[in-house]
Amino acid sequence: GGAKRAGGVETPAITPKTKLNSLCMKIAKRYLQKGDTLYEALTVAGGFQATVRLAALPGDWAGRCWAGEVCSTKQKAEQSAAHIALQQILADPELAGELERPKGKGKGKSEKGNGKGYGGYSGWVWQASGPDQPRERVQETPLIGEVVEWKEHYGWVMADEPIDHHAASLRGGKLYVNKKDLPEGVTELAVGSKVQFFLYEDSAGLGGEEVVLL
């Protein structure tokens, strides 16, 4: 089998990236827009490692990041990340259920964020949404919130007050905080600690910057 070679040129087989795009469209029930699938390839020892985030997915899935294996080229690394994301989405009964559900029907989004098998890739590196994402400050009044989760380079904060913003319901209301937005000398936030921050929006959703520990 394999892709047929036409005059020495490999005709593109259906790649994991293509499959992942069509899967996201089926789950989101709409065409994908720019920024719905975010690939980022990093140079690591041994080649490239890519991550993919799928902003089109519902609930907590929109904030997830899948890392692929280390590959010799950027393209292969991105395909590897897409392959791993595909496997995890198809293995999750909730998202598989979304695939079967016709558009416009179905119950409200459930916010069970614990996808099966998630977290098996503990050694991955992720420069989260990246400092180069254009950010837009949502309001000039700082908010207070509580840290609900912290990974190595980023975490999630829940604001004390409800946020009136169209993207506030993404990820179940959790706000993204990158390590680089913490005060100087602080490298992590303890779960349960109170912080003050300014709300911003980027292509992946809402986040907190200029974070201050209270």
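A quick note: this is a predicted structure, and the numbers were derived from the prediction, not measured.

(A) Just unusual backbone geometry, in detail. Positive phi is not limited to glycine here, since Lys29 has a value of about 60°. Positionally, Lys29 belongs in the loop between α1 (16-28) and β3 (37-44). In this structure, Glu210 is a non-glycine residue whose phi angle is positive, near 50°. Of note, Glu210 is situated in strand β11 (residues 205-213).

(B) Spatial organisation of the packing of aromatic side chains. Evaluated as defined, the whole model comprises four aromatic pairs. Ring geometry for Tyr154 against Trp156: centres 6.2 Å apart, planes inclined by 90°, an arrangement best described as edge-to-face. According to the relative accessible area criterion, Tyr154 is buried, its value standing at 3%. Take Trp156: its relative accessible area is 6%, and that puts it in the buried class. Here Trp156 and Tyr176 contribute two aromatic rings whose centre-to-centre distance is 5.7 Å and whose plane-to-plane angle is 70°, an arrangement assigned as edge-to-face. Here Tyr176 lies in strand β9 (residues 174-178) and Trp156 lies in strand β8 (residues 154-159), a separation of 20 residues in the sequence. Taken together, Tyr154, Trp156 and Tyr176 form an aromatic cluster joined through their ring pairs. Here the basic side chain of Lys17 rests over the ring of Tyr39, its NZ or CZ set 4.4 Å away from the ring centre.

Procedures and definitions
Counting of residues starts from 1 at the beginning of each chain's written sequence and follows it residue by residue. With pLDDT at 70 or above as the cut-off, local features in this predicted model cover only qualifying residues; side-chain atom pairs require 80 or more to be listed or tallied, and sums for whole chains, interfaces and linings still use all residues. Processing note: side-chain calculations cover all non-hydrogen atoms of the structure and skip hydrogens and water entirely. Helix numbers and strand numbers start at the N terminus; a helix is a DSSP run of H or I with at least 4 residues, a strand a run of E with at least 2. Here a Phe, Tyr or Trp ring, Trp counted by its six-membered ring, pairs with any other such ring whose centre lies within 6.5 Å, and the pair is stacked when the planes are under 30 degrees apart, edge-to-face when over 60, and tilted otherwise. To sort residues, take the accessible area from a 1.4 Å probe on protein chains only and compare it with the maximum for the residue type: under 20% means buried, over 50% means exposed, and anything in between is partly exposed. Here, a charge over a ring is recorded when the distance from Lys NZ or Arg CZ to the ring centre is within 6 Å and its angle to the ring normal is within 35 degrees.

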